[in-house]
Amino acid sequence: MKRERTSRTKRSRTSRIPAGVPTLSKKDFESDQDTRWCPGCGDYSILAQTQRIMPELGIPRENIVFISGIGCSSRFPYYMNTYGFHTIHGRAPTIASGVKMANPNLSVWVITGDGDALSIGGNHFIHMMRRNFDLNVLLFNNRIYGLTKGQYSPTSEQGKQTYSTPLGSLETPFNPISLALASGATFVARSLDRDPDHLRTVIKSAFEHKGTSFIEIYQNCNIYNDGTFFQYTEKETKADNTVFLEHSEPLVFGAERNKGIRLNGFQPEVVETTNGDYTTDDLIVHDQYTEDTTLANFLAGMSDTPDMPHPIGIFRSVRHPCYEDAMTNQIHGAKERVGDGDLEALLNAGETWTVS
Amino acid sequence: MRKPVEQIEEATILFAGDSGDGSQTIGTQMTETSALIGNDVATLPDYPAEIRAPAGSLAGVSGFQLHFSSEQIHTPGDLCDVLVAMNPAALKVHLHKLKPNGILIVNVDNFARRSLRLAGYEDNPLEDGTVAKYQVFSVELTRLTRKALENTDLTTREIDRCKNFFALGMILWLYNRSMEYTMKWVKTKFATKPQYIEANILALRAGNIYCEATEQFAVSYDVKPAAFEPGTYRNIEGNMATVLGLIAASHQSGLPLVYGSYPITPASDILHGLAQYRNFGVITMQMEDEIAAVGVAIGAAFSGSLGVTGSSGPGLALKSEAINLAMIAELPLVVCNIQRAGPSTGMPTKTEQSDLLQMFYGRNGESPIPIVAPSRPFDCFETVYEACRIAVKYRTPVIFLSDLYIGMGAEPWRIPKLSELPEIKADFAGREYAHGNGFEPYQRDPETLARPWAKPGTPELEHRIGGLEKSDITGHVSYDAENHEKMVEIRAEKVARIANEIPPTEVFGAQEGDVLLLGWGGTYGAVRTAVEHCVEDGLSIAHVHLRHLNPFPNDLADILNRFKKVLIPELNRGQLLKLVRSTYLIDAIGFNKVQGQPFHVYELESKIDEILKELGHF
């Protein structure tokens, strides 16, 4: 498989705005609907960053489609002044796949949450990943069911006490990054609602990746699960609890930039790089373009390991054939082989007889 | 000396054997041959759900019934003139379908003690009087096939697989049919395996010569061509007619076809059929489940394609939430339900009409959806085409309610000219729909009440749709009480208005009088045949067969009121009956059968007699 450099990837299908057409601004992507999320919800930031980045994508507004399922996050399409379809619980991937298949020129975005994508829509999620349509998937992970007023979700930590689990939830949570990787996802990333610059950069990279691009976004539900990701998002704790992934760069983190991740056997180990024992040369160097998924899986697993910083950024970005292109090729191939379909001939195919 | 040939009007043959015995193959060959010489034909494949049930067991019996005639026929026949039983299990399962004095051909080589025991026979039925009232021809099919193929390089196992062609050779002789069509078919089928071409043709010829040479068969029969309306004909199965109807609708409308499906009996053949036609631009997507299958079709419809999904009852249950989404979003969508016997998994390889109420009502909220049902295998073409036309014109999901009996049955089809196909106009909204207030996705066509189909990619028509209730005209999310009621009424009225386009209902037989048989779907053949018999007898009986089940035709009320009794025969517990009784407030009578099998003509005839007696006739 060919490696890709996201910054240089040319998108052949999604038509670009021709020269001379006035450029759009964030305002052009705001719909006339009142945004109805709880005040302080992390969704506002994700919406704002998406609206801000859209003009930079260089595609006409009419070619953009947002598709969502059900949940707080799934209200998103109503607030985007693009084409949008607020569908049914868990099924956005299927409808988005149909939209993209029928018109590969469209830029299609799936907006989903942890319950929508990983619980009721879990089956569609994994199959969407392996089909590799050129779609962008933003999963707002707040580790809770917000719209239904606070039940545990498939990403809630085990033992979570909620209205439906007063004695604590019994289930092991999903790791969305691991699940996406296991399903064959070609672009897998994580970002934060409270880090607008990073979020915009990752959204743009997702757009530029040809294939299904998956972004898990740590998102705060300030009503039912306030602060669930604060140690990764807040200024006081963020630097020591996250490691930002940069291609070709060693895994360095910490407020003092003096900590790093080293491979100890098959385990990640946090080491100090300034006390003389280790240097940055001893650290794992990130490679998001490698075809082999070992490193990406290793990094994904860090967020399941106690006391490890959570990796933020692009875990994996590789170029594989897209479903819609393969289908289009089959159609062209068939037309070349046997000619354009002739309906009259098709109806009259096989053994026929004439009665006069 | 050539043996005498007797002219007969019609015949019914049932081929039966183990599911690996090739009964479906030789049944199809005899059907195609008969159709090609101009007979009217009707078939009923009847096979087990297991791909290979234990050899010789009752569960593993696969049958194929063929009715061919020099007259117009509508059913695969009630009882058979000929039963070909390849083993004791086939005899046990099907003997009751053979007419008294009918021809019974058995492969006597398979009647050893073990096979008899597997079929549950204590004694050999060929010797204990079980078959006394039939003309029995005990043929050493296995031994004779082995003998005929002894000079080939095939293994015994391979040779034994050719014995169905020996049996076919016999039947072709018995009905004075040429072997030419089958020989041509064998050559195409085994083009890459020439050794099988030779072997099957040898077996076919051997069976044919066996009948001519031995003294077992004294006469053969001839069934002359039937009178058909002028035109070009082909033989077609219902599911294949559905495939062609969908491709025709795509072609005539200019809308690319996107078919989402998940494998399920008996609908999979539509997926297989469509998958062959990529050169027509047909996109088939085998999805991870039934919900995804309808999901891609809805997405494709939103994007401006002809979105179609297909399944059977259990799949429809899973799809119902998504179909409801297409309903409230007012997107065109065609949903094919090839019904099978339910409930739950039910009997996947048996026919039934028990999903009608599910299709009418099986969704949350007020959810009116048009329903059309084909009546015969070839009628699947026109009916699914009509489903596409309605879906596109009215921007609504439409249910095409077929069933296993017609989906897998076959009969001759007069191939339509393209100029005979109704227009399907895609009619997408363009820039001109945008005005001062921006685009209003829920403004409507005053005649059809359809909302604009504004596909993504159209400048200035950016809009949002979804499953939440929308405000009239603007399409904004709305919880307004009055608006909700209004939208519910608009959606109902939109579907009701389709009735204005339904052509006048054909009443066959008496135009008014004693009894009207009101049918729908795959019961057409049996009902029409029974009514034809009654009409020939001078009785005041009529037949109406509904294609449009929702909405009903506007003239139906008047027709129902012209008869003293309305009899509704259905392969369910009375579902159309409930709808007709509640819609028209008439005391219609049901005649119901829920056995996974179609009606026999005689069953309907005796029910008609019973009603006539109650009315004081006879």
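Residues numbered from 1 in each chain as written. Chains lettered and ligands numbered in written order. Predicted model: local features only at pLDDT ≥ 70, side-chain atom pairs only at ≥ 80, totals over all residues.

> Any details on the overall build of chain B? Residues and values, ideally.
Along the backbone of chain B there are 20 helices and 23 strands. Its C-alpha atoms give chain B a radius of gyration of 27 Å, within 12% of the compact-globule value 25 Å for 618 residues. Once the C-alpha set of chain B is aligned to its principal axes, its extents read approximately 90 × 65 × 45 Å. A total of 618 residues make up chain B; the buried ones form 54% of that total. For chain B, restricting intrachain contacts to residue pairs at least 6 apart in sequence, the fraction spanning at least 24 positions comes to 75%. (Helix = DSSP H or I, 4+ residues; strand = E, 2+ residues; numbered from the N terminus. Rg over C-alpha atoms; globule rule 2.2 N^0.38 Å. Buried ≥ 20, exposed ≤ 12 C-beta atoms within 10 Å, placed from the backbone. Contact = placed C-beta atoms within 7 Å.)

> Give me the lowdown on the interface of chain A and chain B, citing residues and values where you can.
In this assembly, 52 residues from chain A lie in contact with 57 residues from chain B. Broken down by secondary-structure element, the contributors of at least two residues to the side of chain A that touches chain B are β2 (83-86), α2 (92-102), α4 (122-131), α10 (323-338), α11 (343-347) and β12 (352-355) of chain A. At eight residues, the largest contribution of residues to the side of chain A that touches chain B is made by α2(A). For the side of chain A that touches chain B, a count of residues per class yields 22 nonpolar, 23 polar and seven charged. Bridging between β2(A) and strand β17 (residues 464-466) of chain B involves three bridges; their strand directions are parallel. (Nonpolar A, V, L, I, M, F, W, Y, C, P; charged D, E, K, R; others polar. Pairing = 2+ DSSP bridges.)

> Explain the pairing of strand β2 (residues 10-18) of chain B residue by residue, including any values.
Residues and elements named next belong to chain B. Most of β2 sits inside the fold, with eight of its nine residues counted as buried. Sheet topology places β2 next to strand β4 (residues 61-69); nine bridges connect them, and they run antiparallel. Directly across from Gly 17, in β4, lies its bridge partner Ser 62. Bridging between β2 and strand β5 (residues 80-85) involves four bridges; their strand directions are parallel. Counterpart to Phe 15 in the pairing with β5 is Val 84.

> So what's going on with unusual backbone geometry? Residues and values would help.
Omega for the peptide link from B:Thr265 to B:Pro266 comes to 0°, which places this bond in the cis form. Structurally, the position occupied by B:Pro266 is in the loop between β10 (257-261) and α10 (268-275). For the bond running from B:Asn550 to B:Pro551, omega is -5°, close enough to zero to count as cis. Mapped onto the elements of the fold, B:Pro551 is located in the loop between β21 (548-550) and α18 (556-560). Despite not being glycine, A:Arg257 shows a phi value in the positive range, around 55°. Within the secondary structure, A:Arg257 sits in the loop between β8 (252-253) and β9 (259-264). Phi at B:Ser344 is positive, roughly 50°, even though this residue is not glycine. Secondary-structure assignment places B:Ser344 in the loop between β13 (333-339) and α13 (356-361). A count of 7 C-beta atoms within 10 Å places B:Ser344 in the exposed class.

> Would you mind going over the sheet that holds β8(A) in detail, with residue names and values included?
Read from one edge to the other, the open sheet built from three strands follows the order β8-β9-β10 (chain A), with strand pairing classed as antiparallel. Each of the sheet's edge strands pairs with one partner strand only, and the pair in question is β8 and β10 (267-272) of chain A.

> Can you explain the packing of helix α1 (residues 23-36) of chain B against helix α7 (residues 180-189) of chain B? Please cite residues and give values.
All names here are of chain B. Relative to each other, α1 and α7 sit at 130°, their axes nearing to 9 Å. Between α1 and α7, the crossing angle belongs to the class labelled oblique. Here the hand of the crossing between α1 and α7 comes out right-handed. Contact residues: Gln 29, Glu 32, Thr 33 and Leu 36 in α1; Tyr 181, Thr 182 and Trp 185 in α7. (Axes fitted to C-alpha atoms, helices over the stretch in contact; angles between N-to-C directions. Parallel < 35°, antiparallel > 145°, perpendicular 65-115°, else oblique. Left-handed = near helix turned anticlockwise from the far one by under 90°.)

> Report on the nonpolar core, specifying residues and quantitative values.
Of all hydrophobic cores here, the largest spans 191 residues; its most connected members are A:Ile67, B:Ile298 and B:Cys388. Looking at which domains feed residues into this core, each of domain 2 (234-420) and domain 4 (508-614) of chain B supplies at least three. Setting aside anything within four residues of it in sequence, one finds B:Ile298 in contact with A:Ile95, A:Gly98, B:Gly307, B:Ala322, B:Leu325, B:Ala326, B:Leu331 and B:Leu333. (Core = buried A, V, L, I, M, F, W, Y, C linked by C-beta atoms within 7 Å. Domains from an automatic or database assignment.)

> Residues and numbers for helix α20 (residues 601-614) of chain B, please.
For an α-helix, the turn length of 3.6 residues means that residues three or four places apart are oriented alike. If you check α20(B), its first and last C-alpha atoms are 20 Å apart, about what 14 residues at 1.5 Å a residue would give, namely 20 Å. Along its buried surface, α20(B) packs onto β19 (513-520), α17 (524-536), β20 (541-546) and β22 (563-570) of chain B. (Expected span 1.5 Å × (residues − 1).)

> Lay out the environment of B:Gly590 in plain terms, naming residues and giving numbers.
All names here are of chain B. Locating Gly 590 in the fold gives a position in strand β23 (residues 589-592). Owing to 19 C-beta atoms within 10 Å, Gly 590 belongs among the partly exposed residues under this scheme. Linking Gly 590 and Glu 570, residues 20 residues apart in sequence, is a C-alpha distance of 7.5 Å. Contacts of Gly 590, omitting those with residues within four sequence positions, involve Ile 568, Glu 570, Gly 574 and Leu 577.

> Can you break down the confidence of the model for chain B residue by residue, with the values?
In low-pLDDT regions, the fine details of the predicted coordinates are not to be read closely. In this model, chain B carries a mean pLDDT of 96, and residues with pLDDT of at least 70 account for 100%. The ipTM for the predicted assembly is 0.95, set against a pTM of 0.93. (pLDDT = per-residue confidence, 0-100.)

> An account of the sheet that holds strand β7 (residues 242-244) of chain A is requested, with residue identities and associated values reported.
The strand order across the open sheet formed by nine strands is β7(A)-β11(A)-β5(A)-β6(A)-β4(A)-β3(A)-β1(A)-β2(A)-β17(B), and the pairing between neighbours is mixed. Two strands lie at the open edges of the sheet, namely β7 of chain A together with β17 of chain B, each paired on one side alone. Sheet twist, expressed as the average angle between the axes of neighbouring strands with direction ignored, equals 20°. Along the sheet, helix α9 (residues 294-302) of chain A makes contact with β5 (187-192) and β11 (310-317) of chain A, crossing β11(A) at roughly 160°.

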